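Residues per chain are reported as follows:
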Amino acid sequence: MNPASDIAVLFVCLGNICRSPTAHGVFREQVQRAGLGERVRIDSAGTGDWHIGHPPDRRTLACAQQRGYDFTDLRARQVEPVDFEHFHYVLAMDQQNLADLRALRRGRGVEPRLFLEYASVAPMLEVPDPYHGGADGFEQVLDLVEDACAGLLRHLREQHRL
Ligand code: 4NP
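Presented here is an overview of the structure given in this document. Only a predicted model underlies this, so the values are computations on that prediction, with no experimental measurement involved.

### Some remarks on the pattern of salt bridges
Phase 1 of the analysis: Inspection of the entire model under this criterion finds 13 salt bridges.
Phase 2 of the analysis: Note that Asp129 is salt-bridged to Arg19, the shortest N-O span being 3.9 Å. Within this pair, whereas Asp129 is found in the loop between β4 (113-114) and α5 (135-160), its partner Arg19 is found in helix α1 (residues 19-33), the two being separated by 110 residues in sequence.
Phase 3 of the analysis: Residue Asp129 is classed as partly exposed on the basis of its relative accessible area of 41%.
Phase 4 of the analysis: Between Glu146 and Arg67 there is a salt bridge; the shortest N-O distance is 2.9 Å. In this pair, Glu146 is assigned in helix α5 and Arg67 in the loop between α2 (58-66) and α3 (83-86), connecting sequence segments 79 residues apart.
Phase 5 of the analysis: Overall, Arg67 belongs to the partly exposed group, its relative accessible area being 29%.
Phase 6 of the analysis: Bridged by salt links that share partners, the residues Arg67, Glu139, Asp143 and Glu146 form one connected network.

### Side note on the sheet that holds β4
Phase 1 of the analysis: With parallel pairing, four strands are arranged side by side in an open sheet as β2-β1-β3-β4. Taken across any chain shown, the strands that pair with only one partner, and hence form the sheet edges, are β2 (40-46) and β4.
Phase 2 of the analysis: Where strand β1 (residues 7-13) meets β2, seven bridges bridge the pair, whose relative direction is parallel. Of the residues in β2, the one forming a bridge with Ala8 is Arg41.
Phase 3 of the analysis: With respect to the sheet, α1 is in contact with β1 and β2, its orientation differing from that of β2 by roughly 170°.
Phase 4 of the analysis: Against the sheet, α5 engages β1, β2 and β3 (89-92), with an angle of about 150° to β1.

About the cut-offs
- Residues numbered from 1 in each chain as written.
- Predicted model: local features only at pLDDT ≥ 70, side-chain atom pairs only at ≥ 80, totals over all residues.
- Heavy atoms only, no water.
- Salt bridge = Lys/Arg side-chain N within 4 Å of Asp/Glu carboxyl O.
- Helix = DSSP H or I, 4+ residues; strand = E, 2+ residues; numbered from the N terminus.
- Buried < 20%, exposed > 50% of the residue type's maximum accessible area, 1.4 Å probe, protein only.
- Pairing = 2+ DSSP bridges.
- Contact = heavy atoms within 4.5 Å.
- Axes fitted to C-alpha atoms, helices over the stretch in contact; angles between N-to-C directions.

Structure follows, in structure tokens:
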């Protein structure tokens, strides 16, 4: 992590092994390609504690690999109240994540938002949890995440003159 970064973004889901690490890894790639790797700090976390220290789900890794991403270095952690003070954007994958984040925040620090607010084409506001479903769900996560990450990067460029 680079403490001198201009902007810090935290992606949050339930387990931090499927959706938020996908957003973490895709956004990292897009930010690096844009030459902004030193200016944007990126992390992900889960509201739950079951997978702390685990790498992303093997289905997430396989789906990512097919599109040329490598998320194997990522490890799950649980979101903490102090995250609302250390990140400028705390972005939830679904409404339950958002409700859990609001309860954890207790009125201090940045307000969490839904990640898909930054999507251009998504006809939905939530990234569906793929954990108990089939391979299609993981493809859909990547489709939604790639689009919303591009929108988030556009937003950061406009709002923060990156
Ligand atoms: P994620 O998916 O929130 O996208 O990481 C899940 C991963 C694990 C569980 C639920 C959702 N779980 O119940 O263990």
